[in-house]
Amino acid sequence: MIGIINYGAGNIFSLCSALERLNIPFGMVNTAAELDSYTHIIIPGVGHAGAAMKKLEQTGLVEPIKALKKPVLGICVGMQLITAHSEEGDANLMNIVPVKTRLFNKDQGIKIPHMGWNNIEHKNNSLFEGVENDAQFYFVHSYFIEYNPTFDIATANYGMPFSAAVQKDNFYGVQFHPEKSGIAGERLLKNFSNLKQ
Amino acid sequence: MLSKRIIPCLDVKDGRTVKGVNFVDLKDAGDPVELAWQYAQQGADELVFLDITATHERRGTTLEMVKSVARQLNIPFTIGGGISTVADAEALLNAGADKISINSAAVRNPALIEELAKAFGVQFVVVAVDTKLIEGKNWVHLNGGRLITELETENWIRKAEGLGAGEILLTSMDHDGTKQGFDCLLLDKVAKSINIPVIASGGAGKVEHFTEVFLQTGVDAALAASVFHFGEIPIPYLKEELKKHHIPVRI
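Quick caveat, the model's predicted, so the values are computed rather than measured.

**Considering the overall build of chain A**
Then, in step 1: A tally of helices and strands in chain A yields five helices and 14 strands.
Then, in step 2: Against the 2.2 N^0.38 benchmark of 16 Å for 197 residues, chain A shows a C-alpha radius of gyration of 15 Å, consistent with a compact globule.
Then, in step 3: On the principal axes, the C-alpha backbone points of chain A span a range of 45 × 35 × 30 Å.
Then, in step 4: When each of the 197 residues of chain A is scored for burial, the buried share is 62%.

Encoded structure:
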């Protein structure tokens, strides 16, 4: 059963709806003790990474999350929270995956936010099982996770290559919104729920 | 590569989809939730719901409809119409809307754009602009084109970007409902002058109009209503045609 970190950073109605459509059971995590009730954990998040980190700190869940050994998936800003630092609000984050979250550079002739469907190249990670390479996912973000071959499990390109998905041990992060990414996104959520502990 | 988006627009009134010619003579084209689901199956990249009567008659958007859509839909959607406060927007966010679109309220109170962007992020805030060409200049219009303002369209759009709009939905009232093609001239000027995505709206009648707007302008998405609702242009066919012209699309 999936536990969703409930820390007030953005709306989780769509994520819950997607899990319901997929018949994946889920519940809310408000306290460290509640982390034990679930086999898999999702950290959602929309909006400002620095503000989201502050909210997460207020719940007292930062250290308990870092200590988890079960599969954890950060989505969008939730993914950025597991990195070391974000240029958004010059914020220090959880530093589970030692990479940086940076602002897209508009001087490259790209529009910000990066909004819409973009294709990804994935590296046959279990998270992407059954997802075609070059499949498109829905992105909406102004800050991105720098490409690092050690942690990158899927790459997208917007002005330059960046990490659409990362993994370190049991921690996963996706920059796109699987709950809004059609069939490919639903497959990814299903895959996550099937990851072994 | 980032795909160009195809966005069916569902104008809703009393929980039903309608589309007028030049915003008059409304026709009923079905149930919004069912239509939304069908569009997602057909490959629509995103949907926009506009409660077209909301501003005029001061009617709030139906949160229950938004929730039903969010439960069934696996693609993003925007909701507009009658949003004039941060609280209105927050209720829609909590009901599952990915973005909200504001129009008259932003013109009357530009600070609202800033407040919404600060509260929910720029990605949540679409500023919809209805424009009409009068004696060689484009002017922003309100209330479905009924009311002219003192704002020049291009100036207003740049100001909206500066205040925190994450996207511009630009509808040419001269082209809307005519099926004679998008206003490529204006759309290209606007898309070049700002650094946020632009959705082209108003005038789609055939496949070539979509090809034109993506090849001739820098817009990121194209929106239409009746050509999709009445099945005149099936979305899978449209996307195949765009692909033939090397326009990046999601298939």
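**Observations concerning the interface of chain B and chain A**
Then, in step 1: Taken residue by residue, the interface counts 36 residues in chain B and 29 residues in chain A.
Then, in step 2: For the pair chain B and chain A, the two sides together bury roughly 2,500 Å², of which 54% comes from carbon and sulfur.
Then, in step 3: It is Leu2(B), Asn74(B) and Asn195(B) in chain B that bury the most area against chain A; as a group they hold 27% of the surface buried on that side.
Then, in step 4: If you look at where chain B meets chain A, you find two salt bridges.
Then, in step 5: Our count for the chain B to chain A interface comes out at 16 residue pairs in polar contact (both at pLDDT 80 or more).
Then, in step 6: Listing elements by their share of the side of chain B that touches chain A, those giving two or more residues are helix 3 (63-72) and helix 4 (86-94) of chain B.
Then, in step 7: Ranked by the residues each element gives to the side of chain B that touches chain A, the list is headed by helix 3 of chain B, at four residues.
Then, in step 8: Partitioning the side of chain B that touches chain A into residue classes produces 17 nonpolar, nine polar and 10 charged.

**Focus: the UniProt feature "domain: Glutamine amidotransferase" (unreviewed entry) in chain A**
Then, in step 1: In this numbering, the UniProt entry assigns the feature "domain: Glutamine amidotransferase" (unreviewed entry) to residues 4-192 of chain A.
Then, in step 2: Taken as a whole, residues 4-192 of chain A contains 22% helix and 34% strand, while its terminal C-alpha atoms sit 13 Å from one another.

**Digging into the UniProt feature "active site" (unreviewed entry) in chain A**
Residues and elements named next belong to chain A.
Then, in step 1: The UniProt record annotates "active site" (unreviewed entry) at Cys 76, His 177 and Glu 179. In three dimensions, the annotated residues from a span of 104 residues occupy one location, with a maximal C-alpha spread of 11.0 Å.
Then, in step 2: Note on placement: Cys 76 falls in the loop between strand 4 (72-75) and helix 4 (77-81).
Then, in step 3: Excluding anything up to four places from it in sequence, Cys 76 contacts Gly 45, Val 140, Val 174, Gln 175, Phe 176 and His 177.
Then, in step 4: With respect to the secondary-structure elements, Glu 179 resides in the loop between strand 14 (171-174) and helix 5 (182-194).
Then, in step 5: Accessibility expressed as a relative area gives 10% for Glu 179, which makes it buried.
Then, in step 6: Among the polar contacts listed, one links the side chain of Glu 179 to the side chain of His 177, at a separation of 2.9 Å.

**Topic: the UniProt feature "active site" (unreviewed entry) in chain B**
Residues and elements named next belong to chain B.
Then, in step 1: The positions that UniProt labels "active site" (unreviewed entry) are, in the present scheme, Asp 11 and Asp 130.
Then, in step 2: With near-sequence residues (within four places) excluded, Asp 130 lies in contact with Asn 103, Trp 139, Val 140, His 141, Gly 144, Thr 171 and Met 173.
Then, in step 3: Reaching out from Asp 130, the side chain makes a polar contact with the side chain of Asn 103 at a distance of 3.4 Å.

**What about the packing of helix 8 (residues 184-193) of chain B against helix 9 (residues 207-216) of chain B?**
In a packed pair of helices, the relevant descriptors are the angle between the two axes and the axis-to-axis distance.
All names here are of chain B.
Then, in step 1: Direction vectors running N to C along helix 8 and helix 9 enclose 35 degrees, while the axes themselves pass 9 Å from each other. Here the hand of the crossing between helix 8 and helix 9 comes out right-handed. On helix 9, the residues touching Cys 184, Leu 187 and Asp 188 of helix 8 are Glu 212, Val 213 and Gln 216.

**A few points about unusual backbone geometry**
Residue and element names in this part refer to chain A.
Then, in step 1: With an omega dihedral of 5 degrees, the bond running from Ile 112 to Pro 113 counts as a cis peptide bond.
Then, in step 2: Residue placement: Pro 113 occurs in the loop between strand 7 (97-103) and strand 8 (114-119).
Then, in step 3: You will see that Cys 76, though not glycine, has its phi angle at about 55 degrees, which is positive.
Then, in step 4: Unusually for a residue other than glycine, Asn 95 sits at a positive phi of about 55 degrees.
Then, in step 5: Mapping Asn 95 onto the fold places it in the loop between strand 6 (91-92) and strand 7.

**Digging into the pairing of strand 7 of chain A**
Residues and elements named next belong to chain A.
Then, in step 1: Note: strand 5 (residues 83-86) against strand 7, three bridges, orientation parallel. Within strand 7, the position partnered with Thr 83 by the bridge is Val 97.
Then, in step 2: Both strand 7 and strand 11 (residues 143-146) contribute to a ladder of three bridges, which runs antiparallel. Pairing of Leu 103 across the sheet is with Tyr 143, part of strand 11.

**Structural notes on helix 4 of chain B**
Residue and element names in this part refer to chain B.
Then, in step 1: Along helix 4, the positions that sit buried rather than exposed are Ala 89, Leu 92 and Leu 93. For helix 4, the arc enclosing every buried residue in end-on projection is 105 degrees, short of the 170-degree limit, so these residues lie on one face.
Then, in step 2: Where helix 4 is buried, its residues contact helix 3, strand 5 (77-80), strand 6 (99-102) and helix 6 (111-120).

**Quick word on the packing of aromatic side chains**
Then, in step 1: Following the criterion strictly, the structure yields 15 aromatic pairs over all chains and no others.
Then, in step 2: For the ring pair Phe104(A) and Phe162(A), a centre distance of 5.5 Å and an interplane angle of 85 degrees mean the geometry is edge-to-face. Residue Phe104(A) is found in the loop between strand 7 and strand 8, and its partner Phe162(A) is found in strand 13 (residues 160-168); the two are separated by 58 residues along the sequence. One exposure class covers both Phe104(A) and Phe162(A), and it is buried.
Then, in step 3: Put simply, the rings of Phe104(A), Phe128(A), Phe137(A), Phe139(A), Phe144(A), Tyr158(A), Phe162(A) and Phe176(A) touch in pairs and so form one group of aromatic residues.
Then, in step 4: The lysine or arginine in question, Arg250(B), covers the ring of Trp117(A), its NZ or CZ lying 3.5 Å from the ring centre.

Conventions we followed
- Residues numbered from 1 in each chain as written.
- Chains lettered and ligands numbered in written order.
- Predicted model: local features only at pLDDT ≥ 70, side-chain atom pairs only at ≥ 80, totals over all residues.
- Heavy atoms only, no water.
- Helix = DSSP H or I, 4+ residues; strand = E, 2+ residues; numbered from the N terminus.
- Rg over C-alpha atoms; globule rule 2.2 N^0.38 Å.
- Buried < 20%, exposed > 50% of the residue type's maximum accessible area, 1.4 Å probe, protein only.
- Contact = heavy atoms within 4.5 Å.
- Buried area = accessible area lost by both parts, 1.4 Å probe.
- Salt bridge = Lys/Arg side-chain N within 4 Å of Asp/Glu carboxyl O.
- Polar contact = N/O pair within 3.5 Å; in protein donor to acceptor, adjacent residues only side chain to side chain.
- Nonpolar A, V, L, I, M, F, W, Y, C, P; charged D, E, K, R; others polar.
- UniProt positions renumbered as here; feature names shortened; annotations may be inferred.
- Axes fitted to C-alpha atoms, helices over the stretch in contact; angles between N-to-C directions.
- Left-handed = near helix turned anticlockwise from the far one by under 90°.
- Pairing = 2+ DSSP bridges.
- Arc of directions from axis to C-beta.
- Phe/Tyr/Trp six-rings, centres within 6.5 Å; stacked < 30°, edge-to-face > 60°.
- Lys NZ or Arg CZ within 6 Å of the ring centre and 35° of its normal.

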